[in-house]
Amino acid sequence: MLTNLVRKAQNTAARTARKTAFGAGALACLGVGLGFLTAAAWMFLLTQTTPMNAALILGGVYSGVGFVLLAIMGSIGKSDSEEKPTESAAMVEADIAKIITAFMTGLSAGRRTRS
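Residues numbered from 1 in each chain as written. Predicted model: local features only at pLDDT ≥ 70, side-chain atom pairs only at ≥ 80, totals over all residues. Heavy atoms only, no water.

S.K.: Explain the overall build of the protein chain here, please?
M.R.: Broken down by element type, the protein chain carries four helices and zero strands. Listing the helices and strands of the protein chain from first to last along the sequence gives α-α-α-α. Residue burial in the protein chain is summarised as follows: out of 115 residues, 3% are buried. Total accessible area computed for the protein chain in this model is approximately 9700 Å², and 71% of it derives from carbon and sulfur atoms. (Helix = DSSP H or I, 4+ residues; strand = E, 2+ residues; numbered from the N terminus. Buried < 20%, exposed > 50% of the residue type's maximum accessible area, 1.4 Å probe, protein only. Areas by Shrake-Rupley, 256 points an atom, 1.4 Å probe, with all protein chains shown as cover.)

And the structure:
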């Protein structure tokens, strides 16, 4: 039973590591792409307006996107599946409680035999 728990933990850790690695790669690519898009927008805006106005426009766009993302992040809550434990999770918790009880019983029996 413990081997199943260990295997699940290992699989979860491996999946999390893969997601993190791909996420970091995607974030790096998006950062580079955003840098080039910003440079292109800056060059275009300089042909249309003054450098001060170009900076204000780009700053406003980035601030607006940031505020929208913050609002989206704040509205994301826990889903129903995360709040309610599944039957298998309840069974695993009951099994762990039985293992801990058996361990404590054996430990106290061992202490009684030594004294």
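Read on for the rest.
S.K.: Looking at this structure, how should I read the packing of helix α1 (residues 2–48) against helix α2 (residues 51–75)?
M.R.: The geometry of a pair of packed helices is captured by two quantities: the angle between their axes and the separation between those axes. α2 packs onto α1 with a crossing angle of 145 degrees between their chain directions and a minimal axis gap of 9 Å. Relative to α2, α1 is oriented so that their crossing is right-handed. Residue-level inspection shows L34, T38, A41, W42, L45 and L46 of α1 in contact with α2, the latter providing P51, A54, A55, I57, L58 and Y62. Per-class residue counts for the contact of α1 with α2 are eleven nonpolar, one polar and no charged. (Axes fitted to C-alpha atoms, helices over the stretch in contact; angles between N-to-C directions. Left-handed = near helix turned anticlockwise from the far one by under 90°. Contact = heavy atoms within 4.5 Å. Nonpolar A, V, L, I, M, F, W, Y, C, P; charged D, E, K, R; others polar.)

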